[in-house]
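Examination of the molecular architecture
Next come the chains, spelled out residue by residue.
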Amino acid sequence: MDTLLQAAVAAHRDGDAATARAHYERVLALDPGQPDALHFLGVLRHQAGDSEAAIALIARALARAPRHADIHNNLGNIHKERGDAVAAEACYRRALTFQPGHFTAVGNLAVALEMQGRLDDAFRAYGLLLTVAPSYAHGYHLLGLFLRNHAREVEHGRQAAACLRRAWELDPDNLRALAALGNVLYMLGEHDAARQVYRDWLQRDPESPLARHMLAACGGADVPARAGDAYIRSLFDSFAGSFDEQLLQHLDYRAPQLLAGALGAALDGRRGLDILDAGCGTGLCAALLRPWARRLDGVDLSPGMLARARRRGGYDALVEGELTAHLEAHPDAFDVVASADTLVYFGDLQRVCAAAHAALRAGGWFGFSVEALDRGAAAGDGTELGPSGRYRHTRAHVRTALVAAGFGDVRIEPRDLRNENGHPVHGWVAVARRGDG
Ligand SMILES: C[S@@+](CC[C@H](N)C(=O)[O-])C[C@H]1O[C@@H](n2cnc3c(N)ncnc32)[C@H](O)[C@@H]1O
């Protein structure tokens, strides 16, 4: 049975879910209460999108091995990923009762407290994490992001920079820590230091799309017309695992809901539509768009994000590709093109608006959200690549691009899309209609 279990774990680690599941089930046929098989099968079921089954399996594992800290920790992760931070906290605390030095459980506890807005408790937990695991690179990364996201004074920004630098020193493969470091330095007004982070990075890895894009975002290189495909892929592939959690819990992300609200009002009860989710990511929009859809497709550049969307379900087809090219290749194919928080990776919106117009049928709607460059009514047509690596657009630019593409009935509303660094991110939610002609 041990060999079977090892084979199951190896298949699981290699991403061969079907073999892993079959092996776990064979172990359980021999011993229905085998805690490791129940536990790992639970994790597998959660990864496949069936968290209810996962929780039931893990409860059975804990009945047999109630003091097993890893099992409590993984059950906490499932609750955390479902957005239930209170249940997650209870699991991590149980893990720590049985194994006080379980540092991943301490880090997870800190995140669960942060998700609940208990910032002082979270800060203490991050401090504890670095005490129990002083060389844990991910711990410094987490604390660095925490300090950056909740900075109340400049000193917090400086501490965030120190943590992120340490995270990267301890784990030079952690390029997200380096990207965040450049971002924090820029926020602190240390523009030269920020640019230097990316220049040093490019010296080590001249092809790095992340470093190239971020250097441009800090004013150290020419701004591209849109973020390059390689940059998007590497950013989002590395981000895919924690995307939903980060956005939903830490940053109060609401672009999909706001976009669905605007599209719903425009569609005015229409159903049975062919819909494209352009830049579908992990599929957060699927459940919102599905009720109007006869067919719902998603397109995205990042295989990591698409794998998450596939697991979440709700789409008829998921395509790996660049969305402008996808739109251009599908004339008169859709009744709705929706794009939440994706055109923030585009500078000038003219070409993508023209592509969406051509991909829509007469009477179809294009809806998207972007970040606002300036909410002042006087702001002219403009776009800007910000230090976050995302572009911002003026309302005039959004309107001009839509009108130039041939859209009518243009509606652009100011909305707060999420919170970042303790402040709301202002944006535009735009919908526009392809005329009947
Ligand atoms: C911030 S995520 C938003 C995902 C999803 N729409 C949501 O609201 O949760 C942006 C997504 O757009 C994708 N993306 C960015 N530029 C793209 C492009 N030119 N073509 C296709 N996908 C793109 C990224 O890979 C990423 O998954």
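Residues numbered from 1 in each chain as written. Predicted model: local features only at pLDDT ≥ 70, side-chain atom pairs only at ≥ 80, totals over all residues. Heavy atoms only, no water.

One non-glycine residue, D268, lies in the positive phi region at around 50°. Tracing the sequence through the fold places D268 in the loop between helix 16 (255–267) and strand 1 (273–278). With relative accessibility at 66%, the residue D268 sits in the exposed group. We note that D409 has phi near 50°; this positive angle belongs to a residue other than glycine. Mapped onto the secondary structure, D409 falls in strand 8 (residues 407–420). For D409, a relative accessible area of 42% puts it in the partly exposed group. (Helix = DSSP H or I, 4+ residues; strand = E, 2+ residues; numbered from the N terminus. Buried < 20%, exposed > 50% of the residue type's maximum accessible area, 1.4 Å probe, protein only.)

It is possible for side chains bearing opposite charge to pair when their charged atoms get close. Inspection of every chain in the model, using the stated rule, returns 25 salt bridges. The shortest N-O distance in the salt bridge between R45 and D50 comes to 3.1 Å. We note a salt bridge from E169 to R166, for which the minimum N-O separation is 3.3 Å. You can see E169 and its partner R166 sitting in helix 10 (residues 154–170), 3 residues apart, about one turn around the helix. Here R166 falls in the partly exposed class, since its relative accessible area comes to 34%. Look at the salt bridges and you will find they share partners, linking E89, R93, R118, D121 and R124 into a network. (Salt bridge = Lys/Arg side-chain N within 4 Å of Asp/Glu carboxyl O.)

This paragraph deals with the packing of helix 3 (residues 35–47) against helix 5 (residues 69–81). Packing of helix 3 against helix 5 leaves a shortest axis separation of 11 Å and a crossing angle of 15°. Here helix 3 is positioned roughly parallel relative to helix 5, judged by the angle of their axes. Crossing of helix 3 against helix 5: the hand is left-handed. Packed against helix 3, whose contacting residues are P35, H39, G42, V43 and H46, the element helix 5 presents D70, I71, N74, I78 and E81 at the interface. (Axes fitted to C-alpha atoms, helices over the stretch in contact; angles between N-to-C directions. Parallel < 35°, antiparallel > 145°, perpendicular 65-115°, else oblique. Left-handed = near helix turned anticlockwise from the far one by under 90°. Contact = heavy atoms within 4.5 Å.)

Close to the ligand lie 21 residues, the nearest being Y253, G279, D300, E322 and L323. Between the ligand and E322, the relevant distance is 2.6 Å, taken from a nitrogen atom to a side-chain nitrogen or oxygen of the residue. Isolated, the ligand exposes 600 Å² of accessible area, and the fraction of that covered by the protein chains is 99%. Broken down by class, the residue content of the shell around the ligand amounts to 12 nonpolar, 5 polar and 4 charged. (Near = heavy atom within 4 Å. Polar contact = N/O pair within 3.5 Å; in protein donor to acceptor, adjacent residues only side chain to side chain. Areas by Shrake-Rupley, 256 points an atom, 1.4 Å probe, with all protein chains shown as cover. Nonpolar A, V, L, I, M, F, W, Y, C, P; charged D, E, K, R; others polar.)

Here helix 5 contains 13 residues, and its C-alpha end-to-end distance of 18 Å stays within 8% of the 18 Å for a straight helix at 1.5 Å per residue. Burial within helix 5 is extensive, with 10 of its 13 residues counted as buried. Within helix 5 the residues assigned to the buried category are A69, I71, H72, N73, L75, G76, N77, I78, H79 and K80. Looking at the residues trailing helix 5, positive phi occurs at G83, about 90°. (Expected span 1.5 Å × (residues − 1).)

None of the figures reported here should be taken as evidence of function without further support.
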